[in-house]
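Secondary and tertiary structure notes
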Amino acid sequence: MKIKTIVSDIDATLLPPDSGIRLKDEVASIIYELEQSGVTMILASARAYAGVVPIAKQLHMDTLGGYIIAENGASVYDAKNNALLYAREMDRSDVLSLWKLCQSYDADLAFSQTDRMIASDFSAGFLLDHKNCDLDYMITDHPQRYMNDAIMKCSVSKNEDKIAELYPLLKAHIERRYPYAVTYSTANILDITVKDCSKANALQQLVEMKRMKWEETAAIGDGGSDAEMIQRAALGATLANGKPECKKIADMIVESCYEDGCISFFKHIIKLNSAAKL
């Protein structure tokens, strides 16, 4: 088996949760080694595009090439050319309705733009997202003025207890009335995206567009949103901190993200590709 493409989650996979926008040098170095050998790197994250770009640049994807799957599959970008390849957009009038809905529940809503999030207030979840992803938030009472780019994702923020209370209410209301799905992102944030939007579906679009092959693809991740791509890849891996659904279908389980377990995964791919040359 020779691996030509690697798709990797970021948070709790390449680095521990809430660890910002820079990988450890050891992690970045081994990924760079694989890239230089001709392997294509794909970063697949729940983060907004702007929160993935700094890591892509650290991995030299802006010069070597590679792809970014952002917002849990709502968008796919060519990292070298900074070009949008695929998108599952939300309707702007729906977003304005969701803005009012969240305010009626005393919660804050933000929607994505290419380089920032537009939000009703800067509550707990958005503050953490800003610090972790170096993602700018603009606070406004006039959201319609700032809908300049396609909207791929909305997020709902408040404190942890309030989000736990709101989740079943918002999920039932939104999924019954709109073509969107509501999912937990963090303890303080709920994400709203187009239904059937997933990392695996976005990756399938990329496979078809760029004539990649699943049988030459390796995938690693820790969460439920990663499980399908782990299962479909020729080599699927998760970490000791991975969700049970990932561990059930993974070909290999490496050390946790706190122990840089992803390095074991990348070393295994180097060995596989070296053996394939013999």
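In this report, the structure presented in the accompanying data block is examined. Keep in mind that what you see is a predicted model, and the values were worked out from it rather than measured.

Let us now look at the pairing of strand β5 (residues 83-87). As judged from the four bridges shared by strand β4 (residues 75-78) and β5, these two strands associate in the antiparallel manner. What sits directly across from Tyr77, in β5, is Leu84. The turn joining β4 and β5, which pair antiparallel and follow one another in sequence, is formed by four residues; a positive phi near 50° is taken by Asn82.

If you look at the biggest cluster of nonpolar residues, it comprises 42 residues, and the most contacted ones within it are Ile6, Leu23, Ile31, Leu43, Ile68, Phe265 and Phe266. At the level of secondary structure, the elements contributing two or more residues to this core comprise α1 (25-36), β2 (40-44), α2 (49-58), β3 (67-70), β12 (217-220), β13 (235-239), β14 (252-254) and α10 (262-277). Counting residues in hydrophobic clusters, the runner-up holds 24 residues, among them Leu98, Val156, Tyr180 and Val194.

In the contact formed by α1 and α10, the axes pass within 10 Å of each other and the chain directions differ by 20°. The angle between α1 and α10 places the two elements in the roughly parallel class. In this structure, α1 crosses over α10, and the sense of that crossing is left-handed. On α10, the residues touching Glu26, Val27, Ile30, Ile31, Glu33 and Leu34 of α1 are Cys262, Ile263, Phe266, Lys267, Ile269 and Ile270. Residue classes in the contact of α1 with α10 are distributed as nine nonpolar, no polar and three charged.

The next point concerns the environment of Lys195. One can find Lys195 in the loop between β11 (189-194) and α7 (199-210). The class of Lys195 is partly exposed, set by a relative accessible area of 32%. Along the chain, Lys195 and Ala150 lie 45 residues apart, while their C-alpha atoms are 17 Å from each other. Not counting the four nearest positions on each side in its chain, Lys195 is found in contact with Arg88, Glu175, Tyr178, Pro179, Tyr180 and Ala181. Among the polar contacts made by the side chain of Lys195, one reaches the main-chain carbonyl oxygen of Glu175 at a distance of 2.9 Å.

Read from one edge to the other, the open sheet built from six strands follows the order β8-β7-β6-β9-β11-β10, with strand pairing classed as mixed. The two strands at the open ends of the sheet, each matched to only one other strand, are β8 (137-139) and β10 (180-186). Mean inter-strand twist for the sheet, computed between neighbouring axes without regard to direction, equals 30°. With four bridges connecting them, strand β6 (residues 108-113) and strand β9 (residues 154-157) associate as antiparallel partners. Residue Asp108 lies in a different strand from β9, and its bridge partner there is Ser157. Here helix α6 (residues 160-177) sits on the sheet in contact with β9, β10 and β11, set at roughly 160° to β10.

Attention shifts here to the packing of aromatic side chains. A full pass over the atoms with the stated rule returns seven aromatic pairs. Summarising the aromatic geometry, the rings of Phe126 and Tyr137 are spaced 5.0 Å apart at their centres and angled 25° between planes, so their arrangement reads as stacked. Here Phe126 is found in helix α5 (residues 124-133), whereas its partner Tyr137 is found in strand β8, with eleven residues between them in sequence. You can call Phe126 buried: its relative accessible area is 0%. Each ring, one from Tyr178 and one from Tyr180, has its centre 6.1 Å from the other, and the planes form 15°; the classification is stacked. Just as Tyr178 is buried, Tyr180 falls in that class too.

Burial analysis of β13 places five of its five residues in the buried class, which makes it a mostly covered element. Residues Leu235, Ala237 and Leu239 line one face of β13 and the alternating positions Gly236 and Thr238 line the opposite face, and both faces are buried. By the bridge criterion, three bridges tie β12 to β13 in an arrangement that is parallel. Across the sheet, the residue bridging to Ala218 is Leu235, located in β13. In this region the chain leaves β12, passes through helix α8 (residues 227-232) and returns to the parallel neighbour β13; the handedness of that crossover is right-handed. Pairing geometry for β13 and β14, over three bridges, is parallel. Within the sheet, the bridge partner assigned to Thr238 lies in β14 and is Ile253.

Conventions used here
Residues numbered from 1 in each chain as written. Predicted model: local features only at pLDDT ≥ 70, side-chain atom pairs only at ≥ 80, totals over all residues. Heavy atoms only, no water. Pairing = 2+ DSSP bridges. Helix = DSSP H or I, 4+ residues; strand = E, 2+ residues; numbered from the N terminus. Core = buried A, V, L, I, M, F, W, Y, C linked by side-chain atoms within 4.5 Å. Buried < 20%, exposed > 50% of the residue type's maximum accessible area, 1.4 Å probe, protein only. Axes fitted to C-alpha atoms, helices over the stretch in contact; angles between N-to-C directions. Parallel < 35°, antiparallel > 145°, perpendicular 65-115°, else oblique. Left-handed = near helix turned anticlockwise from the far one by under 90°. Contact = heavy atoms within 4.5 Å. Nonpolar A, V, L, I, M, F, W, Y, C, P; charged D, E, K, R; others polar. Polar contact = N/O pair within 3.5 Å; in protein donor to acceptor, adjacent residues only side chain to side chain. Phe/Tyr/Trp six-rings, centres within 6.5 Å; stacked < 30°, edge-to-face > 60°. Right-handed = clockwise from strand over helix to strand, strands pointing away.

From the geometry alone we can't say anything about function, so treat these as descriptive.
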